[in-house]
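# Structural overview
Spelled out, the chains give:
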Amino acid sequence: MIGQDGGVPIPPLRRNPVQRRSAERLGRILDACAELLDEVSYEELSTRAVAERAGVPIGSVYRFFSNKRAMAEALAHRNLDEYAERITRRLAASGVSATSDAAGAGGGGWREAMDVVVDEYLAMKRGAPGFALIEFGHPVPATEPPEQPNHLVADRLRTLLADRLGGGRDEAAEERLRVAFLLAVETADALLRLAFRMDPEGDPAIVAETKELLRAYLARVLD
C-alpha cells in the first residue's frame, strides 16, 4: 500500500479494511495504541491492553496485526502520513513558492518550507498521542534488526517538497539532493531530541539554531 502522496509504502496489514466500520475499528486500535504509549513503555505495551482501550475484541487486533511490533509499525507510518498532510496544508495556506527566496531574501520558498517541516514536527512532538515514543519508527528490542526511519522521512519530504525545490537537475544533482536531505533529517533529528531533553516543550534556542543550520546547509544544494 502506498502513502497518500505517493510516498513510502505502508506496511501491509493481515487484512485490509474494506468497509467503513472495519476502517473505523482499525483507527480506534491505532488510537488506543498511541494513547497507551503515552502511559507505558513499548516493552509494557500489550495487544490485550490495546484491545481493551479500543473497546474491541482481542481478535479484532489480530485480524489486522500479527503482534505489537506490526501495530507499532503501522502507527509510525500513520504518523508519517499525518506529518506529511500537516506540512501540505500549512504550505498550501501560506502560498509558499519555489523561487521567492532562492537568494535568501524575503519570505516563502524552500527556507519557509523547511521552517514548516520543523514546526509541524514540534507540534506533533508536543501534542500527538504516542508520538514522543514512536515518531516515525518504533522502539526495536536489541534482538531485532533496526529500521531506518529517517531514510523514509527524508525521501517522503523530498517527494512532498519537489515542486518547491525546483527541477531540472541531472542525475548527479538529484543524488546530491537525496544525500543532503538525508543528512538534514538526521541532523535535525539529533538536535531536536537534544532540544526536548533540555526542555519538555523543546528548548527555543536549540530549535532556532536547528532552523539556521538547516537553511545554511541546504543552501549549498538548493540556491
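Here, the structure is the one placed above.
All of the points below concern the structure found in this document. Everything numeric here is computed off the predicted structure, so don't read it as measured data. (Residues numbered from 1 in each chain as written. Predicted model: local features only at pLDDT ≥ 70, side-chain atom pairs only at ≥ 80, totals over all residues. Heavy atoms only, no water.)

## Description of the nonpolar core
Here is a general trend for soluble globular proteins: nonpolar side chains tend to be buried in one another's company. Tyr83, Ile87, Leu157, Leu161, Phe181 and Leu218 are the most contacted members of the largest nonpolar core, which totals 40 residues. For this core, the elements supplying multiple residues, two or more each, are helix H4 (68-94), helix H5 (109-127), helix H7 (149-160), helix H8 (171-198) and helix H9 (204-222). At 10 residues, the largest contribution of residues to this core is made by H8. Those residues in contact with leucine 157, other than ones at most four positions away along the chain, are Tyr83, Ile87, Val117, Phe181 and Val185. One finds Leu30, Ala32, Leu36 and Ala72 within the second-largest nonpolar core, a separate group that totals 24 residues. (Core = buried A, V, L, I, M, F, W, Y, C linked by side-chain atoms within 4.5 Å. Buried < 20%, exposed > 50% of the residue type's maximum accessible area, 1.4 Å probe, protein only. Helix = DSSP H or I, 4+ residues; strand = E, 2+ residues; numbered from the N terminus. Contact = heavy atoms within 4.5 Å.)

## Observations concerning the packing of H4 against H7
It is at 11 Å that the axes of H4 and H7 come closest, and there the two elements cross at 30 degrees. As summarised for this structure, H4 and H7 are arranged roughly parallel, according to the angle between their axes. Crossing of H4 over H7 shows right-handed handedness. Of H7, the residues touching H4 (which contributes His77, Leu80, Asp81, Tyr83, Ala84, Ile87 and Thr88) are Leu152, Val153, Arg156, Leu157 and Leu160. Considering only residue class, the contact of H4 with H7 consists of eight nonpolar, two polar and two charged. (Axes fitted to C-alpha atoms, helices over the stretch in contact; angles between N-to-C directions. Parallel < 35°, antiparallel > 145°, perpendicular 65-115°, else oblique. Left-handed = near helix turned anticlockwise from the far one by under 90°. Nonpolar A, V, L, I, M, F, W, Y, C, P; charged D, E, K, R; others polar.)

## Topic: the pattern of salt bridges
For the structure shown, the criterion picks out 18 salt bridges. The partner of arginine 215 in a salt bridge is aspartate 115, and the shortest N-O contact between them spans 2.8 Å. Residue arginine 215 is located in helix H9, and its partner aspartate 115 is located in helix H5; the two are separated by 100 residues in the primary sequence. With a shortest N-O distance of 3.0 Å, aspartate 155 and arginine 158 are connected by a salt bridge. You can see aspartate 155 and its partner arginine 158 sitting in helix H7, three residues apart, about one turn around the helix. (Salt bridge = Lys/Arg side-chain N within 4 Å of Asp/Glu carboxyl O.)

## Describing the packing of aromatic side chains
The geometry of an aromatic ring pair is captured by the separation of the ring centres together with the interplanar angle, meaning the angle of the planes. Across all of its chains, the model carries five aromatic pairs by this definition. Each ring, one from phenylalanine 131 and one from phenylalanine 136, has its centre 5.3 Å from the other, and the planes form 75 degrees; the classification is edge-to-face. With relative accessibility at 0%, the residue phenylalanine 131 sits in the buried group. Assessed through its relative accessible area of 10%, phenylalanine 136 is described here as buried. Aromatic ring contacts, followed pair by pair, group Tyr83, Tyr121, Phe131 and Phe136 into a single cluster. The ring of tyrosine 42 has lysine 68 lying over it, and the distance from NZ or CZ to the ring centre is 4.7 Å. (Phe/Tyr/Trp six-rings, centres within 6.5 Å; stacked < 30°, edge-to-face > 60°. Lys NZ or Arg CZ within 6 Å of the ring centre and 35° of its normal.)

## Observations regarding H7
For H7, built from 12 residues, the straight-helix expectation of 16 Å at 1.5 Å per residue is met to within 8% by its first-to-last C-alpha distance of 16 Å. Buried within H7 we find Asn150, Val153, Ala154, Arg156, Leu157, Arg158 and Leu160. Looking at the buried residues of H7, the elements they touch are H4, H5 and H8. (Expected span 1.5 Å × (residues − 1).)

## So, the environment of leucine 152
Considering the arrangement of structural elements, one finds leucine 152 in helix H7. Of the residues examined, leucine 152 reaches a relative accessible area of 27% and is grouped as partly exposed.

## Let's talk about unusual backbone geometry
Note on backbone geometry: most residues besides glycine have negative phi, and most peptide bonds are trans. A positive phi angle, near 50 degrees, is found at glutamate 135, a position not held by glycine. Tracing the chain through its elements places glutamate 135 in the loop between helix H6 (131-134) and H7. Here glutamate 135 falls in the buried class, since its relative accessible area comes to 6%.

## Observations concerning the side chain of glutamate 135
Within the structure, glutamate 135 has its side chain in polar contact with the side chain of lysine 125 (distance 2.3 Å). Excluding residues within four positions of it along the chain, glutamate 135 makes contact with Ala76, Asn79, Tyr121, Lys125, Gly130, Asp189 and Arg193. (Polar contact = N/O pair within 3.5 Å; in protein donor to acceptor, adjacent residues only side chain to side chain.)

## So, the packing of H7 against H8
Viewed as axis vectors pointing N to C, H7 and H8 meet at an angle of 125 degrees, and their least axial separation amounts to 9 Å. Taken together, the axes of H7 and H8 lie oblique to each other. For the pair H7 and H8, the crossing hand works out as right-handed. Taking contact as the criterion, the partners of Asn150, His151, Val153, Ala154, Asp155, Leu157 and Arg158 in H7 are, on H8, Glu174, Leu177, Arg178, Phe181, Leu182, Val185, Glu186 and Asp189. Here the contact of H7 with H8 is composed, by residue class, of seven nonpolar, two polar and six charged.

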